[in-house]
Amino acid sequence: MEGFKHYRIGPFARYLCVTTSFLKHYEDEGLISVVQQDNGYRYYPFPEAAHILEYMRLHSYGVPLKEMRTAVTGPTETAFENIDRHADELQKKADRLQAIVDEHRRFRKWYEDMAGDASRWEVKKIDPVYFLPHSEGQEFLDDERIYEIFPAWSDSMPLVKTGLYVKKNPKTPGTNDIFWGLCVTESNLRKAGIPVNDAVWKLPSGPAFLYHFCDLFRPTCMKDVRVNRHPAFEKMRELGFRASGDALIAVDMKLEKDGVKRGFGRVVIPMAE
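This section reports on the structure supplied with the text.

Rules behind the numbers
Residues numbered from 1 in each chain as written. Predicted model: local features only at pLDDT ≥ 70, side-chain atom pairs only at ≥ 80, totals over all residues. Heavy atoms only, no water. Helix = DSSP H or I, 4+ residues; strand = E, 2+ residues; numbered from the N terminus. Contact = heavy atoms within 4.5 Å. Areas by Shrake-Rupley, 256 points an atom, 1.4 Å probe, with all protein chains shown as cover. Lys, Arg positive; Asp, Glu negative; His and termini not counted. Charge placed at Lys NZ, Arg CZ, Asp CG, Glu CD. Pairing = 2+ DSSP bridges. Core = buried A, V, L, I, M, F, W, Y, C linked by side-chain atoms within 4.5 Å. Buried < 20%, exposed > 50% of the residue type's maximum accessible area, 1.4 Å probe, protein only. Arc of directions from axis to C-beta. Phe/Tyr/Trp six-rings, centres within 6.5 Å; stacked < 30°, edge-to-face > 60°. Lys NZ or Arg CZ within 6 Å of the ring centre and 35° of its normal.

Some details on the overall build of the protein chain
Right, on to step 1. Along the backbone of the protein chain there are nine helices and 12 strands.
Right, on to step 2. When its C-alpha atoms are laid out on the principal axes, the protein chain stretches across 90 × 40 × 35 Å.
Right, on to step 3. Across the protein chain, contacts joining residues at least 24 apart in sequence account for 69% of those joining residues at least 6 apart.
Right, on to step 4. Total accessible area computed for the protein chain in this model is approximately 16,200 Å², and 52% of it derives from carbon and sulfur atoms.
Right, on to step 5. A gap of 6 Å separates the mean positions of the 39 positive and 40 negative side-chain charges of the protein chain.

Some details on the pairing of strand β11 (residues 247-257)
Right, on to step 1. Pairing geometry for strand β7 (residues 161-168) and β11, over five bridges, is antiparallel. Bridging across to β11, Gly163 finds its partner in Ala250.
Right, on to step 2. Two elements, β11 and strand β12 (residues 260-270), share nine bridges in a ladder whose sense is antiparallel. Its bridge partner being in β12, Leu248 is matched across the sheet by Val268.

Some details on the nonpolar core
Right, on to step 1. The biggest cluster of nonpolar side chains holds 26 residues, and the ones touching the most others in it are Leu132, Trp153, Val184 and Leu248.
Right, on to step 2. Broken down by secondary-structure element, the contributors of at least two residues to this core are β5 (129-136), α6 (144-154), β8 (176-185), β10 (206-217) and β11.
Right, on to step 3. Every residue in contact with Leu132, bar those within four places of it in the chain, is listed here: Ile146, Ile149, Phe150, Trp153, Gly181, Leu182, Ala199 and Val200.
Right, on to step 4. Ile9, Phe12, Tyr44 and Ala71 belong to the second largest nonpolar core, which has 20 residues in total.

What to know about helix α9 (residues 231-239)
Right, on to step 1. Here α9 has its buried residues at Ala232, Phe233 and Met236. One face of α9 carries all of its buried residues, which in axial projection span an arc of 100°.
Right, on to step 2. Residues of α9 that are buried make contact with β7, β10, α8 (222-226), β11 and β12.
Right, on to step 3. With its phi angle positive at about 85°, Gly240 sits one or two positions after the end of α9.

Regarding the packing of aromatic side chains
In this description, an aromatic ring pair is defined by two values, namely the gap between the centres and the angle between the planes.
Right, on to step 1. Taken as a whole, this structure holds 14 aromatic pairs when the rule is applied.
Right, on to step 2. Between the aromatic rings of Phe209 and Phe241, the centroid separation amounts to 6.0 Å while the plane-to-plane angle is 50°, which identifies the pairing as tilted. A residue pair is termed long-range when its members are at least 10 positions apart, and Phe209 in strand β10 and Phe241 in the loop between α9 and β11 qualify at 32 residues.
Right, on to step 3. Take Phe241: its relative accessible area is 29%, and that puts it in the partly exposed class.
Right, on to step 4. Each member of the aromatic cluster is reached from another via a ring pair, and the members are Tyr7, Phe12, Tyr15 and Tyr44.
Right, on to step 5. One residue, Arg14, lies across the ring of Tyr15, its end atom 5.4 Å from the ring centre.
Right, on to step 6. Taking the ring centre of Trp201 as reference, the NZ or CZ of Lys167 above it sits at 4.4 Å.

Laid out in structure tokens, this is it:
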């Protein structure tokens, strides 16, 4: 590139606000050229700055280095198709991040609406809630179907919550089997594209008793839940409501102070019509 000014790597990197390692990396990938002068030093011709800025544009879309050469030398339609593909991936990430922010805003508003109350209850129609069991008591469940999808579920928190599934024990009336796992509403499941298989349980859509708890001490004491002594079950009985099946304790957040666990979330108990 005769007739253009040439720069040593340090000044060239400084003018482009990148590191020398950045330039060496792009050079190693064959994306930019250097000139070896008679004095043994390597210099960057000024026009390489325009190439680097174009690569930065592609990098912003998520185009990997190994695709950049063909991205700038191929046909125009191919260039657009390449960017389309990466832009679609960016949109998925943006939608997921927006869903996370929306979920936090919901949780924050819920906390403000609780206004310091330890609990509140309501009856309302719920959307389906999906539950992926992970452990029973203090033992992990040995089911390969769980671990096929568990990473996708845990990567989707806080749209996905930790939860305690309360399953009625048909052999011993008045007692429950309880399972720790992850839970998510159907709307958030769809937003995050969370996979579902036969290991997943589901609370159906319909009327439910919701018991909201805020900064509640020992919110999910398993010993009490096993025998229906959780405050949610007691309040429901006091009001004369009847459960139609299993229940779910969904936890938005857990804190611990002086060895005492505190929880924020809700108990969802489908009701008989």
